[in-house]
Amino acid sequence: MASVSLLSTKGLSRHFGGLKAVDNVDFTIIEGEIRALIGPNGAGKTTFVSLLAGRIAPSAGSIEFLGKDITDRPAHKRVRDGIAYTFQITSIYPTLTVFDNVALSAQSALRRHPGSKRSDIAEKAHEALGRVGLADRKGEKAGTMAYGHQRLLEVAMGLALEPKLLILDEPTQGLSDSEIESFCRLVKEIATSATVLLIEHNMPVVMQLADTITVLNHGQILAEGSPSDIRANAAVQAAYLGTG
Amino acid sequence: MRVIALHVGVLAALFLVQFVLPDYHHLALTRVMLLAIYAMGYNMLFGYTGLLSLGHAMFFAAGLYVAGMTAYYTDLGVPLAFLIGICCGAALSLVIGVIALRTTGVAFMIVTMMFGQVAYLTITYFTDYTRGEEGLTMPTSARSFDLLGLHVDLTNAVQRYNLALGLLALTLLVIFVVVRGPIGRVLIAIRENETRTLMLGFDTFRMKLGALVLSGTISAMAGAAYGLMFAYVGSTFATIQYSIEALLFTLLGGAGTVLGPLLGSILMFYMIDITSEYTQAYLLVTGVALVVLVLFFPKGILGTIRERWLPWLP
């Protein structure tokens, strides 16, 4: 099977004053894979995906998505292109209902299909809620739900955008063990219809889900490979454990 | 269904009440309805989009002055003057929006306030044409007009009342359709969390600009109608008090509710009206009432009712 590059960066950098948060990164993600992005705290993971999503502008380098240069494309247009970003800190609309939260995503996605009706929004929102298992909570105020459910809502909002690339920024943070287990099943299910880029600290989750792992350290790619390669990599161990 | 019934009911009540009101209150309510339109325009931006403007009097005054001066200096007639007033309000809000929406939060308040002051000072600067605080009184020729075979006499209190009511109904309909539809959902989303809304793929700047233009245009329509119906335009309408009044009406009735500004306008008007009969310190009474409101009912009257009892209230 020929692997198709979905998104790639060339020399991507972002400097904050003297700090090189992301430094000259060449990165490629293949269509259909689950890619994990790991690294110690402050390695530049969130900055890197923020560059991909267009939340911040790069200092240098370029980003290509589906063969087109999107380096200067504003964030909201990248979302329409198919890059969905879920926030590290749960960023839902707490005062709106669960349904309205997802309906906003659905509405955004449906603008790509001219001639869609208002009832399509509801249908699409229900479908996304069903996939994460929140269908029976659609009338609740999002902010009153348990934290784990709010994270699922965040993912549902990402799903309803019909992404080609779904970026999940530390999705299991703050979840209980049983919630993490069902979350992993969900990510695998999502991967059947979208490419997933996962930032994660929880190593068992990473090892279980990822097809490929990219390790970031000091803003640079330290290593890249299959879970077993990364586990055996001495440089990665050194970066994490501070020995070597 | 009950939502539509409620709004139609409110309009019907306003229609029927004119047959029982004494002259004084009849006139007062005409004024209040026009001010309510202004406040409803304000609420579009503040209540639904979450942008607090302190310069909205400039849009009201733009409608007021452009319509009034067109009627005063030209013989284009009242309907055309009214339309020109609205169009200038729309154009002004577009220009102001493009500049002011580069800021958010407190900076947006300050920028809009400064533009509001610029508008006020511009009006007083050209005193030769605007007559400044003394203002312009509309000539007799601008007190009546013929439109579509109907003769409308603006000195006739009954016709004035129903014209104001018609404009109020139109505004209510427009706002109702906008905020209950997909656009309203996005505006509320911007109010609640703009970054998230941008990351859902919405061009938040354009949405905010659209809301500001709609808001400014409605405010300008209220101003144009006010000047033409009551035959007077003056620079006091462009002062910051009028900007703040729209904010207070909206806060009192309930920001982000369709009927809140209307209720707030009526209550505030009568609160000042009644207390000023008893004391010269009527503004103190109003001030205390507002402090109590903000402390205990920060969501305003209808906002509180919606939160506690009627979650379906738009």
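Counting from 1, residues in each chain are numbered in the order their sequence is written. Chains and ligands are labelled by the order in which they are written, letters from A for the one and numbers from 1 for the other. Where totals are concerned, whole chains, interfaces and linings use all residues; where local detail is concerned, this predicted model gives features only for residues with pLDDT of at least 70, and gives and counts side-chain atom pairs only at 80 or more.

Caption draft 1: Representation of the pairing of strand β9 (residues 212–217) of chain A. Residue and element names in this part refer to chain A. Burial within β9 is extensive, with five of its six residues counted as buried. As defined by bridge partners, β9 adjoins strand β10 (residues 220–225) across five bridges and the pair is classed as antiparallel. Across the sheet, residue V215 finds its bridge partner in β10, namely A223. Strand pairing requires that DSSP identify at least two bridges connecting the strands. We count a stretch as a helix when DSSP gives it H or I for four or more residues in a row; a strand needs E for two or more, and each element gets its number in order from the N terminus. Taking the residues between adjacent antiparallel strands as the criterion, β9 and β10 are bridged by two residues, where H218 takes a positive phi near 50°. Neighbour density around each residue's C-beta defines its exposure: 20 or more other C-beta atoms within 10 Å make it buried, 12 or fewer make it exposed, and counts between make it partly exposed, where C-beta atoms are placed from the backbone.

Caption draft 2: Spatial organisation of the pairing of strand β6 (residues 83–86) of chain A. All names here are of chain A. What you see with β6 is no split at all: I83 and Y85 on one side and A84 and T86 on the other are buried throughout. In this structure, β6 lies alongside strand β7 (residues 165–169), joined through four bridges in parallel fashion. Across the sheet, residue Y85 finds its bridge partner in β7, namely I167.

Caption draft 3: Representation of helix α12 (residues 260–278) of chain B. Residues and elements named next belong to chain B. Expected helix span is computed as 1.5 Å times (number of residues minus one). Taking 1.5 Å as the rise per residue, α12 with 19 residues should run 27 Å; its terminal C-alpha atoms sit 27 Å apart, in good agreement. Burial in α12 covers these residues: G260, P261, L262, L263, G264, S265, I266 and M268. The secondary structure elements touched by the buried residues of α12 are α2 (23–48), α11 (240–253) and α14 (300–308). Each residue is represented by a C-beta atom placed from its backbone, and any two residues with such atoms within 7 Å are regarded as in contact.

Caption draft 4: Inspection of the packing of α2 of chain B against helix α10 (residues 204–229) of chain B at higher detail. Residues and elements named next belong to chain B. Simply put, an axis is a line fit to the C-alpha atoms, just over the touching stretch for a helix, and the angle between two N-to-C directions goes from 0 to 180 degrees. Viewed as axis vectors pointing N to C, α2 and α10 meet at an angle of 170°, and their least axial separation amounts to 8 Å. As the angle between them shows, α2 and α10 are arranged roughly antiparallel. Facing α2, whose interface residues are L34, I37, Y38, M40, G41, Y42, M44, L45 and Y48, α10 presents A211, L212, L214, S215, I218, S219, M221, A222, A225 and Y226. Oblique is the label for every angle not falling under 35 degrees (roughly parallel), over 145 degrees (roughly antiparallel), or within 65 to 115 degrees (roughly perpendicular).

Caption draft 5: Here's a closer look at the sheet that holds β9 of chain A. Residue and element names in this part refer to chain A. Spatial strand order, β6-β7-β8-β3-β9-β10: six strands in an open sheet with mixed pairing. Lying at the two open borders of the sheet, with one neighbouring strand each, are β6 and β10. Each neighbouring strand pair of the sheet contributes to a mean axis angle of 20°, computed without reference to strand direction. For β7 and strand β8 (residues 195–199), the ladder comprises five bridges, and the chain directions are parallel.

Caption draft 6: Up close: the environment of R2 of chain B. All names here are of chain B. On the secondary structure map, R2 appears in helix α1 (residues 2–17). For R2, a count of 10 C-beta atoms within 10 Å gives the class exposed. Considered as a pair, R2 and W312 are 310 residues apart in the sequence and their alpha carbons are 8.9 Å apart.

Caption draft 7: Here's a closer look at the packing of α2 of chain B against α12 of chain B. All names here are of chain B. As a packed pair, α2 and α12 sit with axes 8 Å apart at the nearest point and diverge in direction by 135°. Judged by the inter-axis angle, α2 sits oblique to α12. For the pair α2 and α12, the crossing hand works out as right-handed. Judged by residue contacts, A28, V32, L35, A36, A39, M40, Y42 and N43 of α2 engage G260, P261, L262, G264, S265, I266 and F269 from α12. For a crossing to be left-handed, the near helix must be turned anticlockwise from the far one by less than a right angle; the clockwise case is right-handed.

Caption draft 8: Geometry of the interface of chain B and chain A. Contacts between the two partners involve 13 residues from chain B, matched on the other side by 18 residues from chain A. Mapped onto the side of chain B that touches chain A, the elements with two or more residues apiece are α8 (182–192) and α9 (194–199) of chain B. Polar here means any residue outside two lists: the nonpolar Ala, Val, Leu, Ile, Met, Phe, Trp, Tyr, Cys and Pro, and the charged Asp, Glu, Lys and Arg; Gly therefore counts as polar. By residue class, the composition of the side of chain B that touches chain A is seven nonpolar, two polar and four charged.

Caption draft 9: The nonpolar core, seen in detail. Formed by 163 residues in total, the largest nonpolar core has its most connected members in V102, A156 and I167 of chain A together with I37, A61 and A225 of chain B. Examining the composition of this core, we find that 15 residues originate from one element, α2 of chain B, more than from any other. If we ignore the near neighbours within four places in the chain, the residues touching A61 of chain B are A119, I123, G223, F237 and A238 of chain B. By convention in this section, buried Ala, Val, Leu, Ile, Met, Phe, Trp, Tyr and Cys residues joined through C-beta atoms within 7 Å make up a nonpolar core.

Caption draft 10: Region of the structure containing the sheet that holds strand β1 (residues 5–16) of chain A. Residues and elements named next belong to chain A. If you walk across this open sheet you meet the four strands as β2-β1-β4-β5, and the pairing is antiparallel. Unpaired on one side and paired on the other, β2 (19–30) and β5 (68–69) mark the two borders of the sheet. Sheet analysis places strand β4 (residues 60–65) next to β5, joined by two bridges and oriented antiparallel. Each bridged residue has a counterpart across the sheet, and for F65 the counterpart in β5 is K68. Helix-sheet contacts for helix α1 (residues 45–53) involve β1, β2 and β4, and the interaxial angle to β2 is about 60°.

Caption draft 11: Quick peek at unusual backbone geometry. Residues and elements named next belong to chain A. Its identity as a non-glycine residue notwithstanding, L66 has a phi of 50°, on the positive side. Within the secondary structure, L66 is located in the loop between β4 and β5. For L66, a count of 15 C-beta atoms within 10 Å gives the class partly exposed. Not every positive phi belongs to a glycine, and E170 is a case in point at roughly 45°.

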